[in-house]
Amino acid sequence: MFKKMRSDIGAVLDNDPAARGWFEVVFTYSGLHAIWSHRIAHAFYRRKWFSIARIISQASRFFTGIEIHPGATIGNRLFIDHGMGVVIGETCEIGDDVVIYQGVTLGGSGKEKGKRHPTIGNNVVIGSGAKILGSFTVGAQSNIGANSVVLKEVPPGSTVVGIPGKVVKQGGVRMDRLSHQLPDPVVDTMRVLQREIEELQEELRNLKKERAELHAEVLSHGDKG
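Residues numbered from 1 in each chain as written. Predicted model: local features only at pLDDT ≥ 70, side-chain atom pairs only at ≥ 80, totals over all residues. Heavy atoms only, no water.

As annotated in an unreviewed UniProt entry, the protein is Serine acetyltransferase from Paenibacillus zeisoli. Of the protein, the UniProt comment under Subcellular location (unreviewed entry) reads exactly: "Cytoplasm". Looking at the protein in UniProt, the text filed under Pathway (unreviewed entry) is "Amino-acid biosynthesis; L-cysteine biosynthesis; L-cysteine from L-serine: step 1/2." (UniProt positions renumbered as here; feature names shortened; annotations may be inferred.)

Undergrad: Quick question: what am I supposed to make of the packing of helix 1 (residues 2–15) against helix 3 (residues 30–46) here?
TA: The description of two helices packed together rests on the angle between their axes and the distance between the axes. Put simply, helix 1 and helix 3 touch, their axes get as near as 11 Å, and they point 155 degrees apart. Regarding the angle of helix 1 to helix 3, the classification is roughly antiparallel. Here the hand of the crossing between helix 1 and helix 3 comes out right-handed. Of the residues in helix 3, those in contact with Lys 4, Met 5, Asp 8 and Ile 9 of helix 1 are Leu 32, Ile 35, Trp 36 and Arg 39. Across the contact of helix 1 with helix 3, the residue classes break down as 5 nonpolar, no polar and 3 charged. (Axes fitted to C-alpha atoms, helices over the stretch in contact; angles between N-to-C directions. Helix = DSSP H or I, 4+ residues; strand = E, 2+ residues; numbered from the N terminus. Parallel < 35°, antiparallel > 145°, perpendicular 65-115°, else oblique. Left-handed = near helix turned anticlockwise from the far one by under 90°. Contact = heavy atoms within 4.5 Å. Nonpolar A, V, L, I, M, F, W, Y, C, P; charged D, E, K, R; others polar.)

Undergrad: Is there a simple way to explain the sheet that holds strand 5 (residues 93–94) in this structure?
TA: Backbone hydrogen bonds are what pair the strands of a sheet, in a parallel or an antiparallel way. What the 4 strands build is an open sheet, ordered 2-5-8-11; its pairing is parallel. If you trace the sheet from one side to the other, it starts and ends with strand 2 (73–74) and strand 11 (137–138), each paired once. Alignment of strand 8 (residues 119–120) against strand 11, held across 2 bridges, turns out to be parallel. Among the inter-strand pairings, Ile 120 is bridged to a residue of strand 11, identified as Val 138. (Pairing = 2+ DSSP bridges.)

Undergrad: Sorry if this is basic, but what is going on with a negative patch on the surface here?
TA: Together, Glu 196, Glu 198, Glu 199 and Glu 203 line one region of the surface with negative charge. In this fold, Glu 199 is placed in helix 6 (residues 185–224). (Patch = residues over 30% accessible without salt bridge, like charges linked within 9 Å, V, L, I, M, F, W, Y side chains within 5 Å. Areas by Shrake-Rupley, 256 points an atom, 1.4 Å probe, with all protein chains shown as cover. Salt bridge = Lys/Arg side-chain N within 4 Å of Asp/Glu carboxyl O. Lys, Arg positive; Asp, Glu negative; His and termini not counted. Charge placed at Lys NZ, Arg CZ, Asp CG, Glu CD.)

Undergrad: Whenever I open this one, the pairing of strand 15 (residues 166–170) confuses me. Can you help?
TA: As a general feature of sheets, a regular strand has side chains that alternate between the two faces. Bridge count for strand 14 (residues 158–161) against strand 15 is 4 bridges, and the pairing is antiparallel. Note on strand 15: the bridge partner recorded for Val 160 is Val 167. Between strand 14 and the antiparallel strand that follows it, strand 15, lie 4 residues; Gly 162 among them carries a positive phi value of about 100 degrees.

Undergrad: I would appreciate a short explanation of the pattern of salt bridges in the present structure.
TA: Side-chain pairs of opposite charge can arise where the charged atoms are in close proximity. A full pass over the atoms with the stated rule returns 6 salt bridges. With a shortest N-O distance of 2.9 Å, Glu 90 and Arg 116 are connected by a salt bridge. Remark: Arg 116 occurs in the loop between strand 7 (105–107) and strand 8 and Glu 90 occurs in the loop between strand 4 (87–88) and strand 5; sequence separation between them is 26 residues. A relative accessible area of 27% places Arg 116 in the partly exposed class. (Buried < 20%, exposed > 50% of the residue type's maximum accessible area, 1.4 Å probe, protein only.)

Take a look at the structure:
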């Protein structure tokens, strides 16, 4: 338990340049307080002491502004920066070395039963205000942009932005560049049509030219007559 607590303090010191030392971190960081409260609540939850677990989690929510359901599974060195308004659902699973900013929701879509909340891989960064809703996995080493709404699986090493969230970078490669390297039947069809249009335009120009030359020739014969 104390080893995990030291690890949690270390995560704050590693991720927040404003942190001046362990004393300040321990006594002033609400995200750290919420994680520690959750670890206690989760221990009661696993022993099926659900009411006590919920009381602890609700007390933590009151003091920190961060709501973590006691059933959620949290890995090592989670860092919740600022934290106000963060919501983490009951069946959510969070890996190691994850960073979460304020206003983030790891919730359900309201359509699933059983496993209803997302699984967050290791070393994921989730920007402020982002919503990840549903039972799917956000792959390790991914970045979720601020205020994005993610509703489907995210491959490892991806960057997701927008509403709904779209992968704009994967494995360090921008998706628009990646798409140019892959066959696209729609694009190929459009290119064929474009070539055919250009050929028809060229034929039309040739016909107009021949018609003009023929007309000029007829006029010249008329003048001679």
